[in-house]
Amino acid sequence: MKKIIVAMAATLFAASAAAQDYPVREIRSICNFSAGSGADIIVRYYSEQLARLAGKPVIVENRPGAQGSVASAFVAKSPPDGYTIHITPASSTIATAPHIFKQLPFDPIKDFAPVTTINSLSFTVAVDASGPIKSIPELIAHLKAKQGNGFYATQSNSGQVAAELLKAKTGLQTEYVPFKVTGDAFVALLAGQVDFMSVDATWAKNQSRVRILAVTAARRTGTLPDVPTLAEVGIPGIDIAPWWGVVVPAGTPRPVIDKLAGWFNQITNSEETKQWLARSALDAFPGSPESMAALLKTEVERWGSYVKLAKIQPQ
């Protein structure tokens, strides 16, 4: 027993010592999506800020594919030493993965150690700005007057889930029209081929030809302060706001995780970052290893029901 206690103490001491020196070399930051994408821009911003605080280079590696799962699987199998980090839209990559893939090369809970949340992004319900519809009640009335209840467009799972929740809450049968590119959905909206779009706030905020009727998050977003939530216009119980977080491989020493969490929260809470996020309609969302772990577990459970509601077929 004495030998075991001594061995455990030695291990804890070694981990603590390693954390004090960490990092002693460059850190790899794994991105789920291709270079130049919106996700890549976010990953590179946070990686550059982390490099300043850590005093070592943070090298972004793009590993796109399988809706982000290629990168996540790579991180899950990486050494748990703090030198491979994953800045990711965790709610729409890690949390959704077990429900949209028949076979998954990682466990979203067991294979990662959460570090902290960093930002969140609301989705929106948007219509053609040149049309007469100016509110959610007007949109619902317009759709209910149409045989079959019309059509909506989106190009993401989050957008589809938000719209399907809206349908379920209002008794609509509006048909989903999938698009691979948001710009194509926008063209369909302007042509009158679809009645509304369910689209992220980053895109919608910068389009003068769409009218944003509501956000799908539980609270108003700071970058669209005048746009109401669905709950505020009489449709409660919808909270679709994909969030970003940082994870490392399971087994990474807790002192290293705490050090990373401190740095990322310092970045997120800075005025520079808040202004940078606002330009992309993102809201700062600092947290902790514990709060992110609890949120990730909840999101995995929630997305199981969302995927069933939206009839998303596992690949």
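In this text, all values refer to a predicted model and were calculated from it rather than measured experimentally.

> Could you give an account of the overall build of the protein chain, with specific residues and numbers?
Helix and strand counts for the protein chain come out as 11 helices and 11 strands. For 315 residues, the compact-globule estimate of 2.2 N^0.38 gives 20 Å, and the C-alpha radius of gyration of the protein chain, at 21 Å, lies within 12% of that figure. In terms of principal-axis extent, the alpha carbons of the protein chain reach across some 75 × 40 × 30 Å. Considering the protein chain as a whole, with its 315 residues, one finds that 50% of them fall into the buried category. Within the protein chain, contacts between residues separated by at least 24 positions form 77% of all contacts whose residues are at least 6 apart in sequence. Counting every atom, the protein chain has about 14300 Å² of accessible surface; 56% of that belongs to carbon and sulfur. Distance from the positive charge centre (30 side chains) to the negative charge centre (25 side chains) of the protein chain: 4 Å.

> Now, about the nonpolar core: what can you tell me, with residues and values included?
Most often, soluble globular proteins keep nonpolar side chains buried together rather than apart. Residues Tyr46, Leu50, Ile85, Ile87, Leu260 and Phe264 are the most contacted members of the largest nonpolar core, which totals 51 residues. Not counting residues up to four positions away in its chain, the partners in contact with Phe264 are Tyr46, Leu50, Ile85, Ile87, Thr116, Ile118 and Val246. Counting 44 residues, the second largest nonpolar core, distinct from the first, contains Phe112, Val125, Ile136 and Leu230.

> Pulling in residues and values, what's your account of the packing of aromatic side chains?
The tally for this structure, following the rule as stated, stands at 10 aromatic pairs. Note on Tyr22 and Tyr83: the rings are 5.2 Å apart at their centroids and 65° apart in plane angle, and the pair reads as edge-to-face. Linking Tyr22 in the loop between helix H1 (2-21) and strand E1 (27-31) with Tyr83 in the loop between helix H3 (69-76) and strand E3 (84-88), this pair joins segments that are 61 residues apart in sequence. In this structure, Tyr22 and Tyr83 share a single accessibility class: buried. When the ring of Tyr22 is compared with that of Trp263, the centres are 6.3 Å apart and the planes differ by 25°; the resulting orientation is stacked. Here Trp263 lies in helix H9 (residues 254-269) and Tyr22 lies in the loop between H1 and E1, a separation of 241 residues in the sequence. Side by side, Tyr22 and Trp263 carry an identical accessibility label, which is buried. Three or more aromatic residues joined by ring pairs make a cluster, and in this case those are Tyr45, Tyr46, Phe264 and Trp276. Directly above the ring of Tyr83 sits Arg25, whose terminal nitrogen or CZ lies 3.9 Å from the centroid.

About the cut-offs
Residues numbered from 1 in each chain as written. Predicted model: local features only at pLDDT ≥ 70, side-chain atom pairs only at ≥ 80, totals over all residues. Heavy atoms only, no water. Helix = DSSP H or I, 4+ residues; strand = E, 2+ residues; numbered from the N terminus. Rg over C-alpha atoms; globule rule 2.2 N^0.38 Å. Buried < 20%, exposed > 50% of the residue type's maximum accessible area, 1.4 Å probe, protein only. Contact = heavy atoms within 4.5 Å. Areas by Shrake-Rupley, 256 points an atom, 1.4 Å probe, with all protein chains shown as cover. Lys, Arg positive; Asp, Glu negative; His and termini not counted. Charge placed at Lys NZ, Arg CZ, Asp CG, Glu CD. Core = buried A, V, L, I, M, F, W, Y, C linked by side-chain atoms within 4.5 Å. Phe/Tyr/Trp six-rings, centres within 6.5 Å; stacked < 30°, edge-to-face > 60°. Lys NZ or Arg CZ within 6 Å of the ring centre and 35° of its normal.

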